[in-house]
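Analysis of the macromolecular model
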Amino acid sequence: MFKGALFDLDGVIANTADLHFKAWQKLARNYFKAELPIELEEKTKGISRSDSLQVILDSLKITLTSTEFSHLANEKNEIYKAYLDKLTVADILPGIDNFIAELKTQHIRLALASASQNGPVILQKLGLATAFDTIVDPKQVAHGKPAPDIFIAAAQSLNLQPVQCIGLEDSIVGITAINASGAISIAIGDAAKLKAAYKIVADTTQLNLATVTAVFKH
């Protein structure tokens with residue numbers, strides 16, 4: 001039996017990934033009078049704010065000074081936080097609250113391993129803050145996803161090794177990071193895109209204790 005569950009946030013606990021890209025789109029319109037191609041949404045999923053901004057700038061072939069870059073990254077976060085103000089418990093993805101409850105009954109320890117610096121605020125708005133034993137600060141890890149650092153840190157913060165844990169993600173970079181950490185990767189989403197995961201479920205309604213336990217034993 002595994003002892004820890006390491007959760008991504010956007011697209012795993014709540015559908016805040018859409019809000020991230022919505023904020024990037026608004027930023028691009030405001031500052032560059034540009035429409036972002038939809039394929040950028042997947043490329044910015046699961047990575048840090050700075051890395052996402054660089055992906056967008058590269059796509060638009062725009063170069064900024066470090067001061068301008070920092071300003072736009074902060075401005076995007078302000079736009080995103082305005083969207084977060086409307087989050088409620090109703091925005092928890094289907095089945096996640098039940099899945100978390102199942103894990104808690106088995107004394108599985110939970111960690112949030114998200115690239116989002118707004119993780120604590122989001123969990124609070126979703127009514128899930130007390131469900132998690134620890135929240136990793138992404139600013140405190142040396143390298144963002146797809147590097148394994150945040151998942152290693154999440155396991156260690158639970159006094160566990162990654163091999164004692166499952167990791168839950170909806171992005172390619174996230175699954176790569178989980179696999180590199182040594183944890184067992186559970187992907188939520190498109191099987192073709194996330195084929196590197198040990199187990200793939202189509203959506204969060206398919207997450208349950210029996211499913212993830214079977215994968216860990218395998």
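Residues numbered from 1 in each chain as written. Predicted model: local features only at pLDDT ≥ 70, side-chain atom pairs only at ≥ 80, totals over all residues. Heavy atoms only, no water.

Where helix α1 (residues 17–32) meets helix α4 (residues 66–84), the axes come as close as 9 Å, and the angle between the chain directions of the two elements is 130°. Classified by the angle their axes make, α1 and α4 are oblique. Judged by the twist between their axes, the crossing of α1 over α4 is right-handed. Residues Leu19, His20, Lys22, Ala23, Trp24, Lys26, Leu27, Tyr31 and Phe32 of α1 form the contact with α4, whose own contacting residues are His71, Leu72, Glu75, Lys76, Ile79, Tyr80, Tyr83 and Leu84. Grouping the constituent residues of the contact of α1 with α4 by class yields eleven nonpolar, two polar and four charged. (Axes fitted to C-alpha atoms, helices over the stretch in contact; angles between N-to-C directions. Helix = DSSP H or I, 4+ residues; strand = E, 2+ residues; numbered from the N terminus. Parallel < 35°, antiparallel > 145°, perpendicular 65-115°, else oblique. Left-handed = near helix turned anticlockwise from the far one by under 90°. Contact = heavy atoms within 4.5 Å. Nonpolar A, V, L, I, M, F, W, Y, C, P; charged D, E, K, R; others polar.)

Next up on the list: the environment of Leu110. Its place among the elements puts Leu110 in strand β2 (residues 109–112). Between the alpha carbons of Leu110 and Lys81 there is a distance of 24 Å; along the sequence they are 29 residues apart. Setting aside residues no more than four positions away along its own chain, Leu110 makes contact with Ala5, Phe7, Ile100, Leu103, Lys104, Ala131, Phe132, Asp133, Thr134 and Leu158.

Our focus in this paragraph is the sheet that holds strand β1 (residues 4–7). Within a beta sheet, neighbouring strands are joined by backbone hydrogen bonds and run either parallel or antiparallel to one another. Spatially, the six strands line up as an open sheet ordered β3-β2-β1-β4-β5-β6, and their pairing is parallel. Two strands bound the open sheet, and with one partner strand each, they are β3 (134–135) and β6 (199–201). Where β1 lies against β2, four bridges are found, and the strand directions are parallel. In the sheet register, Leu6 faces β2, and the bridge partner there is Ala111. Across the sheet, helix α8 (residues 172–181) touches β4 (165–169) and β5 (184–188), and the angle it forms with β5 is around 165°. (Pairing = 2+ DSSP bridges.)

Right, let's get into helix α9 (residues 209–217). Restricting attention to buried positions, one finds in α9 the residues Leu209, Val212, Thr213 and Val215. Here the buried residues of α9 occupy an arc of 160° about the axis, which is enough to place them on one side. Among the exposed residues of α9, those pointing more than 90 degrees away from its buried face are Ala210 and Lys217. Its buried side turned inward, α9 meets α5 (96–105), β4, β5 and β6. (Buried < 20%, exposed > 50% of the residue type's maximum accessible area, 1.4 Å probe, protein only. Arc of directions from axis to C-beta.)

This part covers the pairing of β1. Side chains Gly4 and Leu6 of β1 all project onto a buried face; the interleaved residues Ala5 and Phe7 project onto the opposite face, where all are buried too. Two strands pair when backbone bridges link them, and β1 and β4 are joined in this way by four bridges, in the parallel orientation. Within the sheet, the bridge partner assigned to Phe7 lies in β4 and is Leu168.

Looking now at the packing of aromatic side chains. In this description, an aromatic ring pair is defined by two values, namely the gap between the centres and the angle between the planes. Scanning the model with the defined rule gives two aromatic pairs in all. On the numbers, 6.1 Å between centres and 55° between planes, the contact of Phe7 with Phe99 is tilted. Of this pair, Phe7 sits in strand β1 while Phe99 sits in helix α5, and the two are 92 residues apart along the sequence. Aromatic pair Phe7 and Phe132: ring centres 5.5 Å apart, planes at 80°, arrangement edge-to-face. (Phe/Tyr/Trp six-rings, centres within 6.5 Å; stacked < 30°, edge-to-face > 60°.)

Following Lys145, the chain continues into Pro146 via a peptide bond in cis, with omega recorded as 15°. In this structure, Lys33 is a non-glycine residue whose phi angle is positive, near 50°. Along the chain, Lys33 falls in the loop between α1 and α2 (39–43). A residue is classified by how much of its surface remains accessible, and Lys33, at 71% relative accessible area, is exposed. A positive phi angle is found at Lys61, which is not glycine, with a value near 60°. Mapped onto the elements of the fold, Lys61 is located in the loop between α3 (49–60) and α4. Here Lys61 falls in the exposed class, since its relative accessible area comes to 74%.

In short, shape yes, function no, at least from these values alone.
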